[in-house]
Amino acid sequence: AQSVTQLDSQVPVFEEAPVELRCNYSSSVSVYLFWYVQYPNQGLQLLLKYLSGSTLVESINGFEAEFNKSQTSFHLRKPSVHISDTAEYFCAVSEANAGNMLTFGGGTRLMVKP
Amino acid sequence: DAGVTQSPTHLIKTRGQQVTLRCSPKSGHDTVSWYQQALGQGPQFIFQYYEEEERQRGNFPDRFSGHQFPNYSSELNVNALLLGDSALYLCASSLWTGTSINEQFFGPGTRLTVL
């Protein structure tokens, strides 16, 4: 069975600084990888996904993540964060040929300070 | 497009009671999945419904059951509530893809508190 580990439960960072949220997964088969964002009192929103092809994927609001198969990682990065990026971020994995069942990590709270 | 909607927003129950949560999928979607998100944790998959049948199930006891209606909406039922069932219950909808993957859209959730 697959599992997802988000190594940092909280990441404080100043506005306009770069940030990296770490995600490692464990699976014996091919996987699809996702990052979701959750703002307070809201559901999850898909930020970006890796299904196949280029290992570097980007979102429309400046985030990017790189799939590293050898290190089983899918870290999320942004070169310059804004106050509005303050939220909980979840990494998730779905095994190939297993349908739409997502396994989530424990989440990382990104706290952007002015 | 209303997106995924869930009701009620909040719910308070006592131990031993039963609860029903409801979900309407995004327009055009035919598959509904339910997740439990305990405070401070990531969501955990409960089960998935397609064509009114449970297609996949996570590691949850039989106290958790569901239903999907012909209009694709879904209910999550939890019997004999325990304090540990207190959580945010998220519904996600998508198009059925069999063994393949498709983007899931999440609702805002129902916050269940068990006293």
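This text goes with the structure placed above it.
About the thresholds
Residues take numbers from 1 onward in each chain, read along the sequence in its written order. Here the convention is simple: chains get letters from A, ligands get numbers from 1, in the order in which they are written. Reporting of local features is limited, given that this is a predicted model, to residues whose pLDDT is at least 70; pairs of side-chain atoms are given and counted only at 80 or more, and all residues count toward the totals for whole chains, interfaces and linings. Side-chain calculation: all heavy atoms of the structure are included, whereas hydrogens and water are not. We call two residues contacting when some pair of their heavy atoms lies within 4.5 Å. We define buried area as the total accessible area lost by two parts upon association, computed with a 1.4 Å probe and summed across both. Salt-bridge detection follows one rule: a side-chain nitrogen of Lys or Arg within 4 Å of a carboxyl oxygen of Asp or Glu. The definition of a polar contact used here is a pair of N or O atoms within 3.5 Å, where within protein one atom must be able to donate a hydrogen and the other to accept one, and adjacent residues in sequence count solely through side-chain atom pairs. Helix and strand assignments come from DSSP, with helices taken as H or I runs of at least 4 residues and strands as E runs of at least 2, each series counted from the N terminus. Each residue is assigned to one class: nonpolar for Ala, Val, Leu, Ile, Met, Phe, Trp, Tyr, Cys and Pro, charged for Asp, Glu, Lys and Arg, and polar for all the others, Gly among them. Nine residue types can take part in a nonpolar core, namely buried Ala, Val, Leu, Ile, Met, Phe, Trp, Tyr and Cys, and a core is a set of them joined through side-chain atoms within 4.5 Å. Exposure classes here rest on a 1.4 Å probe applied to the protein chains alone. A residue is buried below 20% of its type maximum, exposed above 50%, and partly exposed in between.

Details of the interface of chain A and chain B
Bring the parts together and some accessible area is lost; that lost area is often taken as the interface size.
Here's step 1: Of the residues lining the interface, 21 residues belong to chain A; the matching set on chain B comes to 23 residues.
Here's step 2: Both sides of the chain A and chain B interface together cover about 1700 Å² of buried area, and 53% of this is carbon and sulfur.
Here's step 3: Applying the counting rule to chain A against chain B returns one salt bridge.
Here's step 4: With its nearest N and O atoms 3.9 Å apart, the salt bridge here joins Glu 103 of chain B to Lys 49 of chain A.
Here's step 5: The interface formed by chain A and chain B includes five residue pairs in polar contact (both at pLDDT 80 or more).
Here's step 6: Breaking the side of chain A that touches chain B down by element, the ones donating at least two residues are β5 (31–38), β6 (44–50) and β10 (87–95) of chain A.
Here's step 7: The element best represented in the side of chain A that touches chain B is β5 of chain A, accounting for four residues.
Here's step 8: For the side of chain A that touches chain B, the residue count by class is eleven nonpolar, nine polar and one charged.

A closer look at the nonpolar core
Here's step 1: Trp 35, Phe 74, Leu 76 and Tyr 89 of chain A are the most contacted members of the largest nonpolar core, which has 27 residues in total.
Here's step 2: Among the elements of the structure, β2 (10–14), β3 (19–21), β5, β6, β8 (64–68), β9 (73–78), β10 and β12 (108–113) of chain A are those that each provide at least two residues to this core.
Here's step 3: Grouped together as the second largest cluster of nonpolar side chains are 19 residues, Val 19, Phe 60, Val 78 and Cys 91 of chain B included.

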